[in-house]
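Analysis of the macromolecular model
The residues making up each chain are set out below.
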Amino acid sequence: MTTSARYKSRIFKTEDSEDKQYVGFATLPNQVHRKSVKKGFDFTLMVAGESGLGKSTLVNSLFLTDLYKDRKLLNAEERINQTVEITKHTVDIEEKGVKLKLTIVDTPGFGDAVNNNECWKPITDYIDQQFEQYFRDESGLNRKNILDNRVHCCLYFIPPFGHGLRPVDVEFMKALHEKVNIIPLIAKADCLTPNEIKKLKDRVRDEIERFGIKVYQFPECDSDEDEEFKQMDKELKECTPFAVIGSNTVVEARGQRVRGRLYPWGIVEVENQSHCDFVKLRNMLIRSHMHDLKDVTCDVHYENYRAHCIQEMTSKLAQDNRMDSPIPILPLPTPDAETERLIKMKDEELKRMQEMLEKMQQQMHEKDQ
Amino acid sequence: MAATDVDVFSNEEKRSLSLGGHVGFDSLPDQLVSKSVTQGFCFNILCVGETGIGKSTLMNTLFNTTFENEEASHYQNGVYLRPRTYDLQESNVHLKLTIVDTVGFGDQINKEESYKPIVDYIDTQFENYLQEELKIKRSLFNYHDTRIHICLYFIAPTGHSLKSLDLVTMKKLDSKVNIIPIIAKADTISKSELHKFKIKIMSELVSNGVQIYQFPTDDDAVAEINSSMNAHLPFAVVGSVEEVKVGNKTVRARQYPWGVVQVENESHCDFVKLREMLIRVNMEDLREQTHARHYELYRRCKLEEMGFKDTDPDSQPFSLQETYEAKRKEFLGDLQRKEEEMRQMFVNKVKETEAELKEKERELHDKFEQLKRMHQDEKRKVEEKRKDLEEEINAFNTRKVAAETLSLSQPLKKDKDRKN
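Residues numbered from 1 in each chain as written. Chains lettered and ligands numbered in written order. Predicted model: local features only at pLDDT ≥ 70, side-chain atom pairs only at ≥ 80, totals over all residues. Heavy atoms only, no water.

Per an unreviewed UniProt entry, chain B carries the name Septin and comes from Pygocentrus nattereri. Per its UniProt entry, chain B bears the Sequence similarities (unreviewed entry) comment "Belongs to the TRAFAC class TrmE-Era-EngA-EngB-Septin-like GTPase superfamily. Septin GTPase family." (UniProt positions renumbered as here; feature names shortened; annotations may be inferred.)

An unreviewed UniProt entry annotates chain A as Septin of Pygocentrus nattereri. According to the UniProt record, the Sequence similarities (unreviewed entry) comment for chain A is "Belongs to the TRAFAC class TrmE-Era-EngA-EngB-Septin-like GTPase superfamily. Septin GTPase family."

Encoded structure:
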């Protein structure tokens, strides 16, 4: 409306000329939308935490499927010396024509053994492996069909039975915060009254800051968004870490069938915002920030890994006294001794010739003068 | 009565007689009760569970009072036991209650040593009692008994099964203390899940041979209630000291947005059952079990370690005094033997040293002789040389004199020649 008013006030334009002013790249978002729907999306989510905190139940509630139909839970005596495994479940789900390939990476055995020294190592190794595989694929010749298995988000479950973070929680998050987006959650929040939840959240936020753990930060919303959105965004940020409840069962509450947990003293509704933060988590994870999580993984964590990798490679080569070569270093496997020697020889020859050239230039210069 | 008569009586069958009238010894239990009431009772509870699982809250709820305690931190280096003693009174009964808390349990990354401080504490209390018992001048009736009568093991409500740490710890404790496992913070488990959870826990305990405390079913008065309670183990409890208005009553409860969990409502949780069993029915039995079973086991192991036995090598029953005498004799005998040995050793050493010294003396003597001989030889040689020299000198002198006399007769001639 304003544009046409502007035009009308300045120059007299007919309807036709207005069409001529319209270039048409405003349809770009639609094109992107169409293409992405055709291509489909993928998302890898990792869940980590001690066993018995409701991780599988929450994943089932989030994606309204049953991913864990036939899993076997270990007995206590089998878990005394248990090692951490990494298991992957991949499902293809579709909604309104949009396809999503969802991969859930589970970490059974984390924190379950009596001695949990470095129990997060298999997890960090797995994440690094995915990065490394993507790195190699990206540097390969045929890059058409790269499979992106990088972990986009890690939901870490904090037990609500304590007074805050425990040493194993702190160590895990510190080992992973520079490799993956960590979203801490307070699990099984139906054992905490609203006051206790608030106290625990404050405690956990304090401790996260105190220990310097970099959890996933929601991006700042743009200043031209409307007030409602900004308000929602502010509420979201103040709510972290989310206190969640999950459920595999559907119960009857207030005349409706909802996902919930049935107790003798009442019914906990998973999707009731006054009962828990499940809705906020779902909205954040799936409805608004899924793509941002992927972007941060690609732009920040993966780039960090890549830079680190390349730096290591160049420092290894630089140890052989290579001068700064004009050719950019390719991520090739380190050359064997023979080729290295040849390269060195050629380098020295080059250096000598350069020096001779300089000398001749200087002589000529002096001659001129 | 003569000693022989008494012996005869004890070997005969005891005869039961009926009384002709009221004697009055049916007041014996009352006398016992009034005596123990004046003495006061003593009870020690050990609470084992992760930090923040609700141990202090449950104690406050059980005894309807607020024991002072600070919130523990998760970052302790190891497990510490924190005993606190309180004096409680209800009606005219005094109770000296000691609550021992495990601080830092389950927080470390490596929990392999977590059970050790607990076991050490229990053993120390047994040791103190044993020492008091073995004293010569002892005062057991005055002794503040700190042995742990009951261990409440708090299981986290995961809904799946026991944690590995729970299993390891309970196995180490079951032979030393009465264990009652309880499921803490049970308001996070729904009824159906709770049923499965309890079955799983009990089956895991049984399959791993963990002996938990069974409420006694041999006393008719309490057999029925105890046996039904045994089936409800482990108790799923909820603790709270806050009061909430429900209907027209104010009860202790936890207020949630979706409902109110009442602590003393039997359909909500097993708190009432726990209180009944622990305090109202079986407290005395717990103390007895601790003394008669766990303490006796400890004592037996300890004394066996020290070398005491109930039977001597001939398998005749041995009393402690005889054992003590035998031990003493043995000890003195040992001492004497050692003394003999040392003396022998000393004598041998002296002999050796003497022999060595003699040897050395002889060597010295030989050397001396040798040197003396050498010296004499040398002397002789020197003497001979001197004689030779003297002879030579004499010969020279004689020749000299001869030459002089010869030259004297012609000295003027020479002088004259020279003057010229």
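What follows picks up the thread again.
With respect to the UniProt feature "coiled-coil region" (unreviewed entry) in chain B
According to UniProt, the "coiled-coil region" (unreviewed entry) feature falls on residues 321-406 of chain B. The span residues 321-406 of chain B carries 100% helix and 0% strand; its end-to-end C-alpha distance comes to 125 Å. (Helix = DSSP H or I, 4+ residues; strand = E, 2+ residues; numbered from the N terminus.)

Quick look at the pattern of salt bridges
Counting across every chain of the model gives 45 salt bridges over all chains. For Glu252(A), the salt bridge is made with Arg257(A), and the minimal N-O distance between the two is 3.9 Å. What makes Glu252(A) partly exposed here is its relative accessible area of 48%. Between Arg380(B) and Asp377(B) there is a salt bridge; the shortest N-O distance is 2.6 Å. Here the residue Arg380(B) and the residue Asp377(B) both occupy positions in helix α10 (residues 320-408), the gap between them amounting to 3 residues, near one helical turn. When its relative accessible area of 47% is taken as the criterion, Arg380(B) is described as partly exposed. Since its relative accessible area comes to 35%, Asp377(B) is described here as partly exposed. One salt-bridge network, held together by shared partners, links Glu50(A), Arg166(A), Asp169(A), Glu50(B) and Lys163(B). (Salt bridge = Lys/Arg side-chain N within 4 Å of Asp/Glu carboxyl O. Buried < 20%, exposed > 50% of the residue type's maximum accessible area, 1.4 Å probe, protein only.)

Some points on the sheet that holds strand β1 (residues 41-48) of chain B
All names here are of chain B. Spatial ordering of the open sheet is given by β2-β3-β1-β4-β5-β6, a layout of 6 strands whose pairing is mixed. Strand pairing shows two members of the sheet lacking a second neighbour, β2 (80-90) and β6 (235-236), which therefore form its edges. Relative to β2, helix α4 (residues 115-134) is tilted by about 50 degrees, and along the sheet it contacts β1, β2 and β3 (93-103). (Pairing = 2+ DSSP bridges. Contact = heavy atoms within 4.5 Å. Axes fitted to C-alpha atoms, helices over the stretch in contact; angles between N-to-C directions.)

Side note on the side chain of Arg259(A)
Residues and elements named next belong to chain A. Considering the arrangement of structural elements, one finds Arg 259 in strand β8 (residues 256-263). Buried charge Arg 259 goes without a salt bridge, the closest partner of opposite sign being Glu 271 at 5.9 Å. Within the local environment of Arg 259, its side chain forms a polar contact with the backbone oxygen of Ser 247, the two atoms lying 2.5 Å apart. Discounting residues that sit within four places of it in the chain, Arg 259 has contacts with Asn 60, Ser 61, Leu 64, Ser 247, Asn 248, Thr 249, Val 250, Val 268, Glu 269 and Val 270. (Lys, Arg positive; Asp, Glu negative; His and termini not counted. Polar contact = N/O pair within 3.5 Å; in protein donor to acceptor, adjacent residues only side chain to side chain.)

Quick word on the UniProt feature "site: Important for dimerization" (unreviewed entry) in chain A
As annotated in UniProt, the feature "site: Important for dimerization" (unreviewed entry) corresponds to Phe161(A) in the numbering used here. Relative to the assigned elements, Phe161(A) resides in the loop between β4 (153-158) and α6 (167-176). Given the relative accessible area of 3%, Phe161(A) is considered buried. Apart from residues lying up to four places away in sequence, Phe161(A) is in contact with Leu53(A), Cys191(A), Thr51(B), Gly52(B), Ile53(B), Ala156(B), Pro157(B) and Lys185(B).

Some details on the interface of chain A and chain B
With 53 residues of chain A at the contact, the number on the chain B side is 45 residues. Applying the counting rule to chain A against chain B returns 3 salt bridges. Mapped by element, the contributors of at least two residues to the side of chain A that touches chain B are α6, α7 (194-210), β8 and β9 (266-269) of chain A. In terms of residues, the side of chain A that touches chain B owes the most to one element, α7(A), which gives 5 residues. In terms of residue class, the side of chain A that touches chain B is built from 25 nonpolar, 14 polar and 14 charged. (Nonpolar A, V, L, I, M, F, W, Y, C, P; charged D, E, K, R; others polar.)

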